[in-house]
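One letter stands for each residue in the lines below.
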Amino acid sequence: MNLPSFNLPNSLVDADNRRLGDQHASLFAVIRDQLRERILSGEFHPGDRLVEGKLASELGVSRIPVREALRELASEGLVTIEPRRGASVAILSTEIAYNMAEVRATLEGLNAKLAAQRQDPANIEKLQTILSQGHEAMDAGNLELLKSLNRQFHETLATMSGNIVLTELMRSLRDRTALLFAPSNLQRIRQNWEDHSQILNAVVAGNGDLANLLATQHVHNAAKAYQDAQNGEKL
């Protein structure tokens, strides 16, 4: 005797699967983004161990999404995972940091040139707002807000090139060099935002060659400031 089968409609099964998958993906993404922010903000220092169990307990989640988040951050170059030792915040040598700066400078220059050639009024207006907020935050001495606005400026400028591959490459390098080239004093912060203003002016004017030059020099300026700070600590 054949018994009737009572299968759920495919729409309900798919909806349930999507909900479970979305929840998992969202949890993993939230943990990844939170850990990335804590690394880039300096809460976790280069070489600090990132213990799965401790992080999972602190965040109130299982180890699985923490492990996946750490693997993703390792692929971005922010975390190092070693056998038996586990995960830790990545440490970059001065030589590798300089190599990354050279590549990032070239990519940032190309991006600014393309942005100037492919004018985007909406994003130009957004960049002008970010610049204005940056100057206000600088006057108020709000360093945390300045860090956030700095990332927003570069991320918005990156989307203006219209080149997805370039945008992804730049984002990866920007994350990996963020701690190394973060402004460490008020003078450098002011120079940082003056650089931003000049880059945006060149983009608005549609001067691709000048935008390229200024964006390239902007990264080299930051790298030199980092190198000077490192040399100062050794003296």
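Residues numbered from 1 in each chain as written. Predicted model: local features only at pLDDT ≥ 70, side-chain atom pairs only at ≥ 80, totals over all residues. Heavy atoms only, no water.

Peer 1: What am I meant to see in the overall build of the chain here?
Peer 2: In terms of regular secondary structure, the chain is built from 9 helices and 3 strands. Helices and strands appear in the chain in the N-to-C order α-β-α-α-β-β-α-α-α-α-α-α. Considering the chain as a whole, with its 235 residues, one finds that 37% of them fall into the buried category. Long-range pairs, those at least 24 residues apart, make up 73% of the contacts in the chain with a sequence separation of at least 6. Here the chain displays about 13600 Å² of accessible surface, and carbon together with sulfur accounts for 53% of that area. (Helix = DSSP H or I, 4+ residues; strand = E, 2+ residues; numbered from the N terminus. Buried < 20%, exposed > 50% of the residue type's maximum accessible area, 1.4 Å probe, protein only. Contact = heavy atoms within 4.5 Å. Areas by Shrake-Rupley, 256 points an atom, 1.4 Å probe, with all protein chains shown as cover.)

Peer 1: Any chance you could explain the sheet that holds strand S1 (residues 49-50) here in plain terms?
Peer 2: Sheets are built from strands paired through backbone hydrogen bonds, the pairs being either parallel or antiparallel. Spatial ordering of the open sheet is given by S1-S3-S2, a layout of 3 strands whose pairing is antiparallel. Every interior strand has two partners, whereas the edge strands, S1 and strand S2 (79-82), have only one. In the sheet, S2 pairs with strand S3 (residues 86-89) via 4 bridges, with the strands oriented antiparallel. Each bridged residue has a counterpart across the sheet, and for Thr80 the counterpart in S3 is Ser88. The sheet contacts of helix H3 (residues 63-75) involve S1, S2 and S3, and relative to S2 the element is tilted by about 115 degrees. (Pairing = 2+ DSSP bridges. Axes fitted to C-alpha atoms, helices over the stretch in contact; angles between N-to-C directions.)

Peer 1: Quick question: what am I supposed to make of the pairing of S3 here?
Peer 2: If a strand is regular, its side chains alternate between the two faces of the sheet. Where S1 and S3 come together, 2 bridges link them in antiparallel fashion. Residue pairing for S3: Leu50 is matched across the bridge by Ala87. Hairpin remark: S2 followed by S3, antiparallel, with 3 residues in the connecting loop; positive phi at Arg84, about 70 degrees.

Peer 1: Where do I start with the confidence of the model for the chain in this structure?
Peer 2: It should be kept in mind that the predicted coordinates are not to be read in detail where pLDDT is low. Looking at the chain as a whole, the pLDDT averages 82, with 83% of positions reaching at least 70. Mean pLDDT values for the elements of the chain range from 63 in helix H1 (residues 10-40) up to 94 in S1. This model gives residues 1-24 a pLDDT under 50, and the stretch forms 3 contacts once residues within four places in sequence are excluded. (pLDDT = per-residue confidence, 0-100.)

Peer 1: Help me understand the pattern of salt bridges in this model?
Peer 2: Side chains that differ in charge, positive against negative, can pair when their charged atoms come close. On inspection of all chains with the given rule, the structure shows 13 salt bridges. When the shortest N-O distance is used, the salt bridge between Glu37 and Arg151 registers 3.0 Å. Note that Glu37 is positioned in helix H1 and Arg151 in helix H6 (residues 143-159), a separation of 114 residues in sequence. Owing to a relative accessible area of 35%, Glu37 belongs among the partly exposed residues under this scheme. For Arg85, the salt bridge goes to Glu82, with nearest N and O atoms at 3.8 Å. Three or more residues are tied together by salt bridges with common partners; here these are Arg104, Glu108, Glu155, Glu168, Arg171 and Arg174. (Salt bridge = Lys/Arg side-chain N within 4 Å of Asp/Glu carboxyl O.)

Peer 1: Teacher, can you tell me more about the nonpolar core here?
Peer 2: Soluble globular proteins tend to pack their nonpolar side chains together in the buried interior. Within the largest apolar cluster, 23 residues are counted, with the highest numbers of intra-cluster contacts made by Leu157, Met160, Trp193, Ile199 and Val203. Beyond its immediate sequence surroundings of up to four residues, Trp193 is in contact with Ile130, Leu131, Gly134, His135, Met138, Leu146, Leu149 and Asn150. Core analysis: the next-biggest nonpolar cluster, separate from the first, contains 18 residues, Phe28, Leu40, Leu70 and Val79 among them. (Core = buried A, V, L, I, M, F, W, Y, C linked by side-chain atoms within 4.5 Å.)

Peer 1: What's the story with the side chain of Glu108 in this structure? I'm lost.
Peer 2: With respect to the helices, strands and loops of the structure, Glu108 is situated in helix H4 (residues 94-117). When near neighbours in sequence (up to four residues on either side) are disregarded, Glu108 contacts His154, Met170, Arg174, Ala215 and Val219.

Peer 1: Explain the packing of helix H5 (residues 121-140) against H6 here, please?
Peer 2: To describe two helices that pack against each other, one gives the angle between their axes and the distance between the axes. Look at H5 against H6: their axes get within 10 Å of each other, and the N-to-C directions meet at 165 degrees. By the criterion of interaxial angle, the relationship of H5 to H6 is roughly antiparallel. In terms of crossing hand, the pair formed by H5 and H6 is left-handed. Between H5, through Asn123, Lys126, Leu127, Ile130, Leu131, Gln133, Gly134, Ala137 and Met138, and H6, the contact on the second element is made entirely by Leu145, Leu146, Leu149, Gln152, Phe153, Thr156, Leu157 and Thr159. Class assignment for the residues of the contact of H5 with H6 results in 10 nonpolar, 6 polar and 1 charged. (Parallel < 35°, antiparallel > 145°, perpendicular 65-115°, else oblique. Left-handed = near helix turned anticlockwise from the far one by under 90°. Nonpolar A, V, L, I, M, F, W, Y, C, P; charged D, E, K, R; others polar.)

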